[in-house]
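# Summary of structural features
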Amino acid sequence: MDRVEKYRPTVLADVVGNQETVERLGVIASSGNMPNLILAGAPGIGKTTSILCLAHALLGPTYKEAVLELNASDDRGIDVVRNRIKMFAQKKVNLPAGRHKIIILDEADSMTPGAQQALRRTMEIYSNTTRFALACNLSSKIIEPIQSRCAILRFGTLQREHVLRRLVEVCRAEDVKYTPEGLDAVAFSADGDMRQAINNLQATASGFGLVAPDNVFRVCDQPHPVVIQKMLENCSGGRVDDAVACISHLWAQGYSAVDIITAVFRVVKTHAGLDEDKKLRFVREIGTTHMRIVDGLQTLVQLQGLAARLCKTAGSAA
């Protein structure tokens, strides 16, 4: 069974992280007057779950017949807006006083401009009976006329402690054997994405029976942060040959330049052995290299050059 769905919250009180935003949804649930909403933020941080919890709180037993959920990345053409969405908005449903039908559009930023224009008109015509909730990664990809008709709620990336707390709950409920370092590795690999964290936990537990760091990184197939920490320590100490050897070791294991540079950036952010000034200098150099790699220069030379520049930066900072 998919543990992501099994442990998906059904009430707002169980939603992890983004406390202020969830509290605003709680106020909407208690008042019963839901505006049109845009929920913006990274994947796996609770946008769709939060709006489903809000719909349950507002509609109660009439939830099933009064909520239409569509993934706009699959159903994103103008015909869907004209047919399915419009037909649902026209449908008569017996609702509690002051409540509205709710249409939830996931991945709304992938809708075509024509479909968004049609949606804008539909939102206007059926505003007395229907409310819209649009979940998206980037609110800037939603056209201005829709943005002006919606309250925009922004969801930030989940903190590591929030992810760890939920992982411990899942492990205890499922009787999964784990080490604290193993759960730390799962949280690191997910990078604030709760859905990814639970998927990685399930894959590690079913594959190895024990959630330990080495098992996690084998399942997730990510560069091991211990090797990257060693590389950063060598850079901090100006040991360029040792730093380059660490980078070359990861490259020889088959990781792409994008995988390695992304992991380096994530480790730098949380590395306790670097002072703030040195961390900022390192991040600037990593960002420059990341830009070159994304532009197509995905070579070992770029990564080795990064190691050399970090050593130089650490020396000038000292």
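Residues numbered from 1 in each chain as written. Predicted model: local features only at pLDDT ≥ 70, side-chain atom pairs only at ≥ 80, totals over all residues. Heavy atoms only, no water.

Let us look at the sheet that holds strand 2 (residues 67-71). Taken in spatial order, the five strands line up as 2-3-4-1-5 in an open sheet, and their pairing is parallel. Every other strand in the sheet has two partners, leaving strand 2 and strand 5 (151-154) as the edge strands with one partner each. Across the sheet, the mean angle from the axis of one strand to that of its neighbour is 15 degrees, orientation sign disregarded. Relative to strand 4 (residues 130-136), strand 1 (residues 37-40) runs parallel, the two sharing four bridges. The residue of strand 4 that forms the bridge with Ile38 is Leu134. Packed onto the sheet, helix 2 (residues 19-31) meets strand 1 and strand 5 and runs at close to 140 degrees relative to strand 5. Lying over the sheet, helix 3 (residues 47-59) contacts strand 1, strand 2, strand 3 (101-106) and strand 4, oriented at roughly 175 degrees with respect to strand 3. (Pairing = 2+ DSSP bridges. Helix = DSSP H or I, 4+ residues; strand = E, 2+ residues; numbered from the N terminus. Axes fitted to C-alpha atoms, helices over the stretch in contact; angles between N-to-C directions. Contact = heavy atoms within 4.5 Å.)

Enumeration over the complete set of coordinates arrives at one aromatic pair. For the pair Phe188 and Phe217, a centre-to-centre distance of 6.2 Å together with 65 degrees between the ring planes defines the contact as edge-to-face. Of this pair, Phe188 sits in helix 9 (residues 180-190) while Phe217 sits in helix 11 (residues 213-220); the two residues are 29 residues apart in sequence, bridging distant segments of the chain. A residue is classified by how much of its surface remains accessible, and Phe217, at 6% relative accessible area, is buried. Its end group placed over the ring of Phe88, Lys101 keeps NZ or CZ at 5.7 Å from the ring centre. Sitting over the ring of Phe188, Arg266 keeps its end group 4.8 Å from the ring centre. (Phe/Tyr/Trp six-rings, centres within 6.5 Å; stacked < 30°, edge-to-face > 60°. Buried < 20%, exposed > 50% of the residue type's maximum accessible area, 1.4 Å probe, protein only. Lys NZ or Arg CZ within 6 Å of the ring centre and 35° of its normal.)

A word on the side chain of Thr122. Mapped onto the fold, Thr122 is located in helix 6 (residues 113-125). Judged by its relative accessible area of 6%, Thr122 is buried. For Thr122, the contacting residues outside a window of four places in its chain are Val81, Ile85 and Phe132.

Let's shift gears to the environment of Val170. Relative to the helices and strands, Val170 resides in helix 8 (residues 160-174). Owing to a relative accessible area of 4%, Val170 belongs among the buried residues under this scheme. In this structure the C-alpha to C-alpha distance between Val170 and Gln202, which are 32 residues apart in sequence, comes to 9.6 Å. Not counting the four nearest positions on each side in its chain, Val170 is found in contact with Tyr7 and Leu201.

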